[in-house]
Amino acid sequence: MKYIRHIMLIVLLCINCTLLFILLNSNSNANVHGSRGNQQDQHELPILFGITTRNPFHSELLSALLDTWGSQLSHNESLFVYSGELSTKTSFTQEMSHTDPLFSHTQRTEESRNAKLLPFKSSKNGVSQFYSVQLPKVVDDQYPAIWKNVGQWEHMAAEESRFNWFVRCDDDVFLNLHQLRTFLLTKDHTKPVFLGRAVRGRPRDRKMLELNASYAAGGTCQFWSKAASFAAGLCRSSVYQSLIQRGQVYLHDDVELARCFYLNQVEFDVSMTKYLRAQNLKKAFKKNITGPVPIQTVSTLWLDSVDLHKVIAIHAVKLPRQMHYLNHKMYHS
């Protein structure tokens, strides 16, 4: 009996060891496949990037954007460059009547949604990965650029069937696309949600803005899901009401986009805030240097204290050489 008990204990121990080995091996395989799955999913994540700019065909900063982080787009991502077709320098007084947002409201929305996509080549790419959209009856160099923004939101909303996520940025922002994709993989694009750097505005403006909630600061981009894209296409009427109630001075595009989303029951997810850095790089480039800035010249910038691989967006990047410096730090250091 004594020997039988010993044999049984040895058999049970062997069985337990075998089960433990199988369990650990299966978990290891799951982790490997999960990791590969995430890498694959990153490149299968359809994203539309909408860049708001002016005079795009002569913008050195936009060219730098397209040649740096813009060149990192995957095959399922697109970048549209938005500008207005009119200018204050040509027949401005005659054209202003056509920019009135009340003029044929439905027609204006349809014109924005149906604006043509024109291939837009960067200096580095012989084959175009980008598209230019000149918004009809929009004054390109008018500020605030609220009606350019409204037209852009409407045009991006018309692309809802092709993309899961939408990103609107100005041309003075640098994006870490790998970190952005990794973050968006944790979110559900089938839920109506918008994201960005949560702010509440200047205290003296809050009462006038009449938005008793946080909104996504425009400088570090606004992001929204496929399920929220319908709301982005419905903002023209709410923006016009704000114009009537508050005047042109308080017509901020980031506030009005948030107001429009809230009116259409789209939730604001603030979890991206810590990954969006708003910094002024102006003081870092005091010298008037011609051509690209040598890397050693700017090695002591505040950016050296930032882990760029954990940041999704950096604003403001006002010079092409700043854009290239960030790109060097991100991909070549």
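Up top is the structure.
Cut-offs applied
- Residues numbered from 1 in each chain as written.
- Predicted model: local features only at pLDDT ≥ 70, side-chain atom pairs only at ≥ 80, totals over all residues.
- Heavy atoms only, no water.
- Buried < 20%, exposed > 50% of the residue type's maximum accessible area, 1.4 Å probe, protein only.
- Helix = DSSP H or I, 4+ residues; strand = E, 2+ residues; numbered from the N terminus.
- Pairing = 2+ DSSP bridges.
- Salt bridge = Lys/Arg side-chain N within 4 Å of Asp/Glu carboxyl O.
- Expected span 1.5 Å × (residues − 1).
- Contact = heavy atoms within 4.5 Å.
- Phe/Tyr/Trp six-rings, centres within 6.5 Å; stacked < 30°, edge-to-face > 60°.
- Axes fitted to C-alpha atoms, helices over the stretch in contact; angles between N-to-C directions.

Asks: Describe the pairing of strand 5 (residues 165–170), listing the residues and the values that go with them.
Replies: Working note: regular strand, side chains alternate between the two faces of the sheet. Among the six residues that make up strand 5, five are buried, leaving the element largely enclosed by the rest of the structure. Both strand 1 (residues 47–52) and strand 5 contribute to a ladder of six bridges, which runs parallel. Bridge pairing in strand 5 links L48 to F166. Taken together, the four bridges between strand 5 and strand 10 (residues 222–225) define a ladder with antiparallel strand orientation. Looking at the pairing, W165 lines up with S225 of strand 10.

Asks: Mind laying out the pattern of salt bridges, listing which residues take part and the relevant values?
Replies: A full pass over the atoms with the stated rule returns eleven salt bridges. Residue E154 pairs with R236 through a salt bridge whose shortest N-O separation is 2.9 Å. Highlighted residues: E154 in helix 5 (residues 146–157) and R236 in helix 9 (residues 236–246), separated in sequence by 82 residues. For the pair E154 and R236, one class covers both residues: buried. For R259, the salt bridge identified is with E256, shortest N-O distance 3.1 Å. Of this pair, R259 and E256 are both found in helix 10 (residues 253–263), three residues apart, which corresponds to roughly one turn of the helix. Neither residue differs from the other here; R259 and E256 are each classed as buried. Through salt bridges with shared partners, a single ionic network connects R108, E111 and K137.

Asks: If you had to explain helix 11 (residues 320–331) to someone new, which residues and values would you point to?
Replies: With twelve residues, helix 11 extends 17 Å between its outermost C-alpha atoms, agreeing within 8% with the 16 Å of an ideal straight helix rising 1.5 Å per residue. Buried within helix 11 are the following residues: R321, Q322, M323, Y325, L326, N327, K329 and M330. Packing partners of the buried residues in helix 11 comprise helix 2 (60–67), strand 6 (173–175) and strand 13 (313–315).

Asks: Outline the side chain of N149, supporting the account with residue identities and numerical values.
Replies: Mapped onto the elements, N149 comes out in helix 5. According to the relative accessible area criterion, N149 is buried, its value standing at 4%. Not counting chain neighbours up to four residues away, the residues in contact with N149 comprise T52, R168 and D253.

Asks: Outline the packing of aromatic side chains, listing residues and values.
Replies: This structure, assessed with the given rule, holds eleven aromatic pairs. The interplanar angle of 85° and the centroid separation of 6.0 Å between the aromatic rings of F80 and Y131 together place this pair among those described as edge-to-face. Of this pair, F80 sits in strand 2 (residues 77–86) while Y131 sits in strand 4 (residues 130–139), and the two are 51 residues apart along the sequence. On the basis of relative accessibility, which here comes to 1%, the residue F80 falls in the buried class.

Asks: Give a detailed account of the sheet that holds strand 4, specifying residues and quantitative values.
Replies: Pairing between sheet strands relies on hydrogen bonds along the backbone, with the strands arranged either parallel or antiparallel. The strand order across the open sheet formed by eight strands is 3-4-2-1-5-10-7-11, and the pairing between neighbours is mixed. Strands at the two margins of the open sheet, each flanked by one partner only, are strand 3 (118–120) and strand 11 (267–269). Pairwise comparison of adjacent strand axes, ignoring direction, gives a mean angle of 30° for this sheet. Of the strand pairs in this sheet, strand 7 (residues 193–196) and strand 10 are connected by three bridges, and their pairing is antiparallel. Within strand 10, the residue paired with L195 across the bridge is F223. Each of strand 1, strand 2, strand 5, strand 7 and strand 10 touches helix 6 (residues 177–184); the most contacted strand, strand 1, lies at about 130° to it.

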